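Chain residues, written in single-letter form:
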Amino acid sequence: LTELYDFMDAIDVGLDQEVDDGDKETLMSVMSHIRDVRQRMPGMEATFVPLRETVELLKSNAIELDLGLVGEEEALDFLERAPLAWDNTVNKTFRVKESIQPLQNAMVDFIKRDIADYVSRVKLAHREFRDAPHGPFTWPSDRIKDAYASMDRTYARMKVLEAEAESFKNLQELFELNKIKAPELLT
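Residues numbered from 1 in each chain as written. Predicted model: local features only at pLDDT ≥ 70, side-chain atom pairs only at ≥ 80, totals over all residues. Heavy atoms only, no water.

Draft legend 1. Just the overall build of the protein, in detail. Each helix and strand counted, the protein has 5 helices and 2 strands in total. Counting helices and strands in the order they occur from the N terminus, the protein gives α-α-β-β-α-α-α. Projected onto its principal axes, the C-alpha positions of the protein cover 85 × 45 × 20 Å. For the protein, restricting intrachain contacts to residue pairs at least 6 apart in sequence, the fraction spanning at least 24 positions comes to 71%. Surface exposure of the protein reaches about 12100 Å², of which carbon and sulfur atoms provide 54%. Positive and negative side-chain charges of the protein, numbering 24 and 37 respectively, have mean locations separated by a distance of 12 Å. (Helix = DSSP H or I, 4+ residues; strand = E, 2+ residues; numbered from the N terminus. Contact = heavy atoms within 4.5 Å. Areas by Shrake-Rupley, 256 points an atom, 1.4 Å probe, with all protein chains shown as cover. Lys, Arg positive; Asp, Glu negative; His and termini not counted. Charge placed at Lys NZ, Arg CZ, Asp CG, Glu CD.)

Structural data, given as structure tokens:
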């Protein structure tokens with residue numbers, strides 16, 4: 001319950017941030033709070049009933065419960081109002097999401113452009129690796145050290161591209177975009 005309280009409190013504070021036009025950092029912060037709520041929604045409704053039933057079972061067997069405080073109220077009182085508090089958090093999340101939609105759409109356009117550029121760079125890297133006149137598959141036996149140096153450079157380049165892919169994956173999750181496909185990284 002304390003973790004849920006802290007989560008809802010952090011979300012509430014995060015969603016209260018004022019997002020100005022062009023303020024990418026704050027937009028990303030607010031979007032991350034929206035994503036966190038969206039990810040947590042499926043399991044939350046089912047969480048409250050078992051907790052309440054467990055407390056009722058313990059009380060019916062005359063077992064004393066002193067669960068301490070959650071925030072500034074008794075844990076049992078918080079448990080009673082937690083479903084309503086969660087619903088309020090979800091509703092606020094969707095209101096904020098709706099209010100920042102124009103800023104989110106503008107950011108999505110930039111992200112899609114960056115992703116298209118990234119996919120082009122991955123395809124180029126793949127072609128260069130595969131078709132280079134002295135690529136790893138065509139090096140003469142007397143220049144094997146050069147082949148290893150070439151593979152090391154290619155590996156370093158692929159690590160950078162993989163890091164970019166992970167960054168784009170996070171952005172796509174944050175802005176609810178379709179996942180990019182860059183199969184050249186997998187070959």
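From this point on, the discussion continues.
Draft legend 2. Quick look at the packing of helix H2 (residues 24–60) against helix H5 (residues 144–174). In the contact formed by H2 and H5, the axes pass within 9 Å of each other and the chain directions differ by 70°. Taken together, the axes of H2 and H5 lie roughly perpendicular to each other. Listed contacts from H5 to Met28, Met31, Ser32, Arg35, Arg38 and Gln39 of H2 are Leu171, Glu173 and Leu174. Of the residues that constitute the contact of H2 with H5, the class distribution is 4 nonpolar, 2 polar and 3 charged. (Axes fitted to C-alpha atoms, helices over the stretch in contact; angles between N-to-C directions. Parallel < 35°, antiparallel > 145°, perpendicular 65-115°, else oblique. Nonpolar A, V, L, I, M, F, W, Y, C, P; charged D, E, K, R; others polar.)

Draft legend 3. Region of interest: the packing of aromatic side chains. Evaluation of the coordinates by the stated rule reveals 3 aromatic pairs. Between Tyr5 and Phe78, the ring centres sit 5.9 Å apart and the planes meet at 80°, which makes this aromatic pair edge-to-face. Of the two residues, Tyr5 is situated in helix H1 (residues 2–15) and Phe78 in helix H3 (residues 75–99); the sequence distance between them amounts to 73 residues. Given a relative accessible area of 26%, Tyr5 falls into the partly exposed group. The exposure class of Phe78 is buried, given its relative accessible area of 0%. Ring centres 5.4 Å apart and planes at 55° place the aromatic pair Tyr118 and Phe168 in the tilted group. A residue pair is termed long-range when its members are at least 10 positions apart, and Tyr118 in helix H4 (residues 101–131) and Phe168 in helix H5 qualify at 50 residues. There is no split in this pair, since Tyr118 and Phe168 are both buried. One Lys or Arg, Arg40, reaches over the ring of Phe7 and ends 4.4 Å from the middle of that ring. (Phe/Tyr/Trp six-rings, centres within 6.5 Å; stacked < 30°, edge-to-face > 60°. Buried < 20%, exposed > 50% of the residue type's maximum accessible area, 1.4 Å probe, protein only. Lys NZ or Arg CZ within 6 Å of the ring centre and 35° of its normal.)

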